[in-house]
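Descriptive analysis of the structure
What follows is the residue order along each chain.
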Amino acid sequence: MSISIGDKIPEGTLMKVGAKGPEPVSVESLTKGRKIVLFGLPGAFTSTCSSAHLPSFMRNVDALKDKGVDEVICLSVNDPFVMDAWDKANNAAEAGVTLLADPTGELTTAMGLDFSVPAIGFVNRSKRYAAMIEDGEFKILNVEEAPGTCEISAGETMVAAL
């Protein structure tokens, strides 16, 4: 069952690459008492994710922060090293977008936002979505239905919804 507006984000641990290697990041530390925009996508370095989804949030970080968002976070079922390389390749952190890994897909699956297409190597990957979460509660949730599209989950759409 997929997460819905009004639901609390499940507990979990994400990953990032820090100064000494992979570091855990608790979902609670990201969400408790904070207003965040979390957007999920199928994979770092994939076509729509790289050409449309991530850039749409990089372009809109300031507009989102002007609307009270504390942090804009991109989440993908990849390992933290891949997310770090994708961050560096796109200068996402410099633009104000935090890239985090859900390496086992545990959080993505707990939210019911996973999908698989084994023929192309996608197993338990994240659907494309964008959410505004306030103090751990989903207030906005836009999930793309059609593969390869980035419309209702785009940064511009989130800015307009806030």
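It should be noted that the structure appears before, not after, this text.
Reference entry: report on the structure contained in this document. Predicted model, so just to flag it, every value in this text is computed and none were measured. (Residues numbered from 1 in each chain as written. Predicted model: local features only at pLDDT ≥ 70, side-chain atom pairs only at ≥ 80, totals over all residues. Heavy atoms only, no water.)

Another aspect to go through is the pairing of strand β9 (residues 137-143). A regular strand places its side chains on the two faces of the sheet in alternate fashion. Burial within β9 is extensive, with five of its seven residues counted as buried. The sheet contact formed by strand β8 (residues 129-134) and β9 spans six bridges and is antiparallel. Bridged to A130 within β9 is N142. Taken together, β8 and the strand that follows it, β9, pair antiparallel across an intervening segment of two residues, in which D135 is found at a positive phi of about 50 degrees. (Buried < 20%, exposed > 50% of the residue type's maximum accessible area, 1.4 Å probe, protein only. Helix = DSSP H or I, 4+ residues; strand = E, 2+ residues; numbered from the N terminus. Pairing = 2+ DSSP bridges.)

Below, the discussion takes up the nonpolar core. F39, F57, W86 and V97 are the most contacted members of the largest nonpolar core, which has 23 residues in total. Elements supplying a minimum of two residues to this core: β3 (35-41), α2 (47-66), β4 (71-76), α3 (80-90), β5 (97-101), β8 and α6 (155-161). Looking at this core element by element, the count peaks at five residues for α2. Those residues in contact with F39 that lie beyond four places of it in its chain are H53, L54, F57, V72, I73, C74, L75, V97, Y129 and A130. Counting 20 residues, the second largest nonpolar core, distinct from the first, contains L30, I73, L100 and V143. (Core = buried A, V, L, I, M, F, W, Y, C linked by side-chain atoms within 4.5 Å. Contact = heavy atoms within 4.5 Å.)

Another point: α2. An ideal rise of 1.5 Å per residue puts 28 Å on 20 residues; α2 measures up with 29 Å between its terminal C-alpha atoms. At N60, α2 shows its maximal bend, which comes to roughly 55 degrees. The first or second residue beyond α2 is G68, which carries a positive phi of 95 degrees. (Expected span 1.5 Å × (residues − 1). Bend = angle between axes of the 7 residues up to and from the residue.)

This paragraph deals with unusual backbone geometry. In most cases, non-glycine residues show a negative phi, while peptide bonds are predominantly trans. The backbone phi angle of F45 is positive, close to 70 degrees, even though this residue is not glycine. Mapped onto the elements, F45 comes out in the loop between β3 and α2. Of note in the backbone geometry, N91 takes a positive phi value of approximately 55 degrees without being a glycine. Relative to the assigned elements, N91 resides in the loop between α3 and α4 (92-95). For N91, a relative accessible area of 38% translates into the label partly exposed.

Everything listed is a geometric property; what it means functionally is a separate question.
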